[in-house]
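Breakdown of the fold
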Amino acid sequence: MKKIDYKEIEGKSLAYYGLLGGLGLIILIALLAVYRMEHEGHYITGMTNQIVWGMPHVFAVFLIVAASGALNVASIASVFKKAAYEPLARLSGLLAIALLAGGLVILLLDLGRPDRLIVAMTYYNFKSIFAWNIFLYTGFFAIVGVYVWFMMDHNMYKFKKKAGLAAFIWRLILTTGTGSIFGFLVARSAYDAALMAPMFIIMSFAFGLAIFILVLMASYKWTGRELGDDILVRLRGLLGVFVAAVLYFVAVYHLTNLYITEHHGVEKFILLEGGQFTQVFWIGQIILGGLLPLALIYAPGVRDSRQVLGLICGLIIIGGLSSMYTIIIGGQAYPLVMFPGYEVSSTFFDGVVSNYTPSSYEVALGLGGVAIAMVIVAFLIKVLPFLPASLADKQ
Amino acid sequence: MSDAVNHSRRSFLEKTAAVGAITIAPGIMLHQVASAKPDDQPVTDAVRWGMLINTNKCEDGCTDCVDACNAEHGLVGNNRPETDTQYIRKVTLREKQTGHELSLPLMCQHCETAPCVDVCPTGASFKRKDGIALVDKHICIGCRYCMMACPFKARSFVHEQVRNQTLSAPRGKGTVESCTMCVHRVDKAQVPACVEACTQGEHHAFIFGDLNDPNSEISQELAKHGGKQIRADLKLNTGVRYQGI
Amino acid sequence: MIKRFLPNTFIVAALAMLFPFAGTADVPLPVINEPEGEDVECVEPEDDMTRNHMNYILHQRDETMHRGIRTSRHSFAECIDCHVQPDEQGNIASIDSNEHFCRTCHEYSAVTIDCFDCHADRPQEFIEREKPADHPPVSLQQQVHQLLSATEPTAGDSK
C-alpha cells in the first residue's frame, strides 16, 4: 500500500485568520447570550415551563448525534477495511471530537446552574440516562483521542485497528444513549418508543457524513490541495444510502405510532395540525432534508458537480436540525395526556398546545457551539498533520 | 458553646409560630398527624405521607389551596404565566361525551417510583423515606430533564432571580422546584398548607395522612370508597389519590 | 524565635509580590458586627466557626434535606437569625449590601457564597414581601451593538 503523506495546513493566510476571527465573533456573541441568560434567568429565552428544552438542545443534540456519525469514515476504513477511506480517517476522528465538544458546550451553558459543573461531575445517579451519557461522552473523547493518536504515531500504529474497533463500538453505544434520552420518557406521547435509539444511529450516519463532506471540501478548496472525484463519488453514494435509511426509519416510526390508538393524537399533531411543527416536519425534515437531497444524489447530469454535493450536504444539515426541532420541541408542545376522554384547562397551560418562538439568545448559543467545533478543527489541522497533502485520484 | 445557647428571641418566635398553628387549625393536628417526629430523628419508611382529594367537594373557581400554597412558599409571579412557578393548580375537566364538568387541584403526585428521580443525573431529585418527592436545590444543575419526564407537569423551573424568600421555602434562579408536600410543616406534625386552607374554608376536599397506617383517616377512606391515581397506567403508585374522576 | 520568624517573613514577602495591591484600600476590611448581649455565645467556639462554618452548614444541609433532621444547633436559619440584625439606626443589611454579616467577610476573602440565591438573607420579620421589580431584559441585538460600538463591556447588573 502506498504511504499517505499527511501535512499540516499552512494557516498563515489572511483568509485563515479571517475564518478564525469570524468564528471567534460568533463564539463571543454566544457567550454574551449566555451571560444574559444566566444573569436574567431563562425567562428571556423562548423556553418556558411548557417547552423546557428549546433551540440550544436542538443544536446540541444535532451536534452530538453528528459527532458519532462523523467517525463513520474512520470506522469504514479500520473496521470494514475499505482502503479508499484510509486517508480520511484522521480528519474523521478529529471532526467527531470537535462536534461532540461543540454540542456539550451548548448543553452545559444552557443549564440553569452551569457554575455547578463540578456537581455534575461528582454527584451521580446511576439510574439516569443523563448520568450514563456523561460517561459515554467523556469516554468518547478518550477513545477517539487514543484512536487518533495511534493513527498518527508510528510506534502505536499496530494497535490502530483495535482502537478503531473500540471507537466504533463506543459510538454505537453513545448514540443509543443519546436516543434513549428521549426514548425512555414514558410521560410524553411523542417520545415513548424504543425505536428512538436505532433511529438516532441512522440519523447520525447521515448528519455526520454530510458535515464531514462539507469540511473536507472546504479545507481542500481553501488550502489549494487536490481533492479527486473518486473519493467524493464514493462518499456521495454512501450519503444516498444513509439519507434513504433515515427516511425509512422516520416512516416506520410514524407508521408504528399510527397503529397505536393511544398515539393518534400526537401523530395527528405532528403530521397534520401542528402549525409550525407540521411545517418544519414536512418542509424541513422530509422534503428539504430527505427527498430533495436523495433526488439530487441520484439525479443524472450533476454527478460530478461539487456545488451540488455541497448543496446536498447543506440540505441534509437543515433536515437534521429540522428533525431535532420536530422531535424535541414538537414533542413537548403537544400537551400531556393525563385525563383521557376529558377536555382539560388550567392556568398552567394544561390541555393546550404550547407556543414556542426561538429567541435570539438560544440561536446565538446554538451557533456558538457550531463555531466552537469549527474552530477546533481549523486550529488542529494547522498544528497536527490531519489532512493528506493530496487526495488526487489514482491514475 | 453548649446546647443551652441563649435563644430567647428565636425561641420566642418558635413559640408564637407554634401557637399560631394550633389556633389556626384546631383538631386537624390532633387526629390526623398523631405525633411530631423528634427533631434529631431521621424520617423513616414506616410512614408514607399521602393525600386523598375528593373532587366532588372541590368547588370550581375556588383557589383556597392554591393561594395558601403560594403564600406558604412565597411564590410571587412576575406576570409571565408561561415561566412563573406553580406548585399546585386548579384544573377544570370536561368530559367530552357527556359534558360533565369537574374541578380538581393538581400538583406533584409524589410517586413511589418517580420518573423525575430516575432521570435526574445528579440525584437532586430524590424521595424521602416517608414518600415525599423533593428537589435538593443544592445539587440541582438546572438541566430540566425531570420536567421532561414528569407525567403530571408538576415541576417548574425558576426562570428569574428570586429575593425575599420565606424561611421554609428556599428557592432560586436556575433550579427546578415543585410541591414539597409542605415537608417543613409535616416534620412539625402540621398538615400541608393546601390541606389546611381547604379544611378552613369548610370544603374538606383534602385528607392528608399516612398511607401505611391502616387506621389513619386517609387509609380508612381509601378502603371504604377507593381512590384513583392519575395515569395509573404508568404504575407509579402515586401518593396523591383522587375520588370522583 | 528568629528561626520561626524568618520563614514567615518570606511567605509574607512572597505573597506581597504575588498580590501587589493586597492590603491597600481597594478591598475594605470586613466589618463584623457581633450579636448583641453578653450572654450570647456562638454554637461552636468562634475560631472554629471562622474556619469550619461551611462544614457545619454543609453537614446540616444534607441531614435536613434528605433525612428530615431539623435540629437547630447548626441550622442555617439560626445563623441568620442571630447574625443578621439591624444596626442602631434600625437598618438591616441585605445580601446585596457589603455590610451583610456573611458578605463582608466573603467579599474580603473573595469566596463566592451560593447560599443566598435560594435562602432568605435576613430573618423573616425584616423581609418586606412585595412584588420583585420587573426589569425588562436588554435584547441580544442591543448587546451586540453595544459590544461592537464600545470597548467597555455592558454592566447590566441589577444589584
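Counting restarts for each chain: residues are numbered from 1 in the order of the written sequence. Labels follow written order: the first chain is A, the first ligand is 1, and so on. Per-residue local features are limited, in this predicted model, to residues with pLDDT of at least 70; the limit for side-chain atom pairs, both in listing and counting, is 80 or more; totals at the level of whole chains, interfaces and linings are taken over all residues.

This brings us to the interface of chain A and chain B. Our contact criterion uses C-beta atoms placed from the backbone: two residues qualify when those atoms are within 7 Å. Between chain A and chain B, the contact holds 38 residues from the first and 46 residues from the second. Only DSSP runs of H or I reaching four residues or more are called helices, and only runs of E reaching two or more are called strands; each is numbered from the N terminus. Secondary-structure elements contributing two or more residues to the side of chain A that touches chain B are α5 (117-122), α6 (129-152) and β2 (342-346) of chain A. When residues of the side of chain A that touches chain B are assigned to their parent elements, the largest contribution, five residues, is made by β2 of chain A. Taken together, the residues that form the side of chain A that touches chain B break down as 20 nonpolar, twelve polar and six charged. Gly is put with the polar residues, along with every residue not named as nonpolar or charged; the nonpolar set is Ala, Val, Leu, Ile, Met, Phe, Trp, Tyr, Cys and Pro, and the charged set is Asp, Glu, Lys and Arg.

The α-helix winds at 3.6 residues per turn, so residues separated by three or four positions along the chain end up facing the same way. Look at helix α8 (residues 196-223) of chain A: 40 Å from first C-alpha to last across 28 residues, which is about the 40 Å you get at 1.5 Å a residue. Directly after α8 of chain A, the chain includes Gly224 of chain A, whose backbone phi takes a positive value near 70 degrees. Take the residue count of a helix, subtract one, and multiply by 1.5 Å to get its expected span.

Before going further, it helps to spend a moment on the packing of helix α9 (residues 229-259) of chain A against helix α11 (residues 276-298) of chain A. Describing two packed helices takes the angle between their axes plus the distance from one axis to the other. All names here are of chain A. Remark: α9 packs on α11, axes separated minimally by 10 Å, with the N-to-C direction vectors making an angle of 150 degrees. If you check the angle between α9 and α11, you find them roughly antiparallel. Read as a crossing pair, α9 and α11 show a hand that is left-handed. Touching Arg236, Leu239, Gly240, Val243, Ala244, Val246 and Leu247 of α9 are Gly290, Pro293, Leu294, Ile297 and Tyr298, all from α11. A class-by-class count of the residues in the contact of α9 with α11 yields nine nonpolar, two polar and one charged. Here an axis means a line fitted to C-alpha atoms, over the contact stretch when the element is a helix, while the angle between two N-to-C directions is reported on a 0 to 180 degree scale. Here is the rule for angles: anything less than 35 degrees is roughly parallel, anything more than 145 is roughly antiparallel, 65 through 115 is roughly perpendicular, and the remaining ranges are oblique. For any pair of crossing helices, the crossing counts as left-handed if the nearer helix is rotated counterclockwise from the farther one by less than a right angle, and right-handed if it is rotated clockwise.

Residue and element names in this part refer to chain B. Any residue surrounded by 20 or more other C-beta atoms within 10 Å of its C-beta is treated as buried, while 12 or fewer makes it exposed and the intermediate range makes it partly exposed; C-beta atoms here are placed from the backbone. Side chains of strand β9 (residues 240-243) alternate between two faces, with Val240 and Tyr242 and Arg241 and Gln243 buried alike. For two strands to be treated as a pair, DSSP must find at least two bridges joining them. In this sheet, β9 lies alongside strand β1 (residues 49-54) in parallel orientation, the contact comprising four bridges. Opposite Leu52, over in β9, you have Arg241 as the bridge partner.

In this section: the confidence of the model for chain C. Residue and element names in this part refer to chain C. Every residue carries a pLDDT, the predictor's confidence in it, which falls somewhere between 0 and 100. Mean pLDDT over chain C stands at 76; residues scoring 70 or higher make up 63%. Here helix α1 (residues 2-18) is the element of chain C with the lowest mean pLDDT, 50, and helix α2 (residues 46-67) is the one with the highest, 94. Overall, residues 151-159 carries pLDDT values under 50, and its contacts beyond four positions in sequence, including any with other chains, amount to six contacts. With a pTM of 0.88, the predicted complex shows an ipTM of 0.91.

Residue and element names in this part refer to chain A. Contact pair helix α2 (residues 55-70) / helix α4 (residues 89-110): the axes reach a minimum separation of 8 Å and the direction vectors enclose 160 degrees. One element, α2, and the other, α4, form an angle in the roughly antiparallel class. The hand of the α2/α4 crossing is left-handed. Of the residues in α4, those in contact with Pro56, Phe59, Ala60, Leu63, Ile64, Ala66, Ala67, Ser68 and Ala70 of α2 are Ser92, Leu95, Ala96, Leu99, Leu100, Gly102, Gly103, Ile106, Leu107 and Asp110.

One open sheet holds the three strands; their spatial order is β2(A)-β2(B)-β3(B), and the pairing between them is antiparallel. Two strands close off the open sheet at either side, each with one partner strand: β2 of chain A together with β3 (101-106) of chain B. With strand direction ignored, the average angle separating the axes of adjacent strands in the sheet is 25 degrees. Taken together, the six bridges between strand β2 (residues 89-95) of chain B and β3 of chain B define a ladder with antiparallel strand orientation. Along β3 of chain B, the bridge assignment pairs Lys90 of chain B with Pro105 of chain B.

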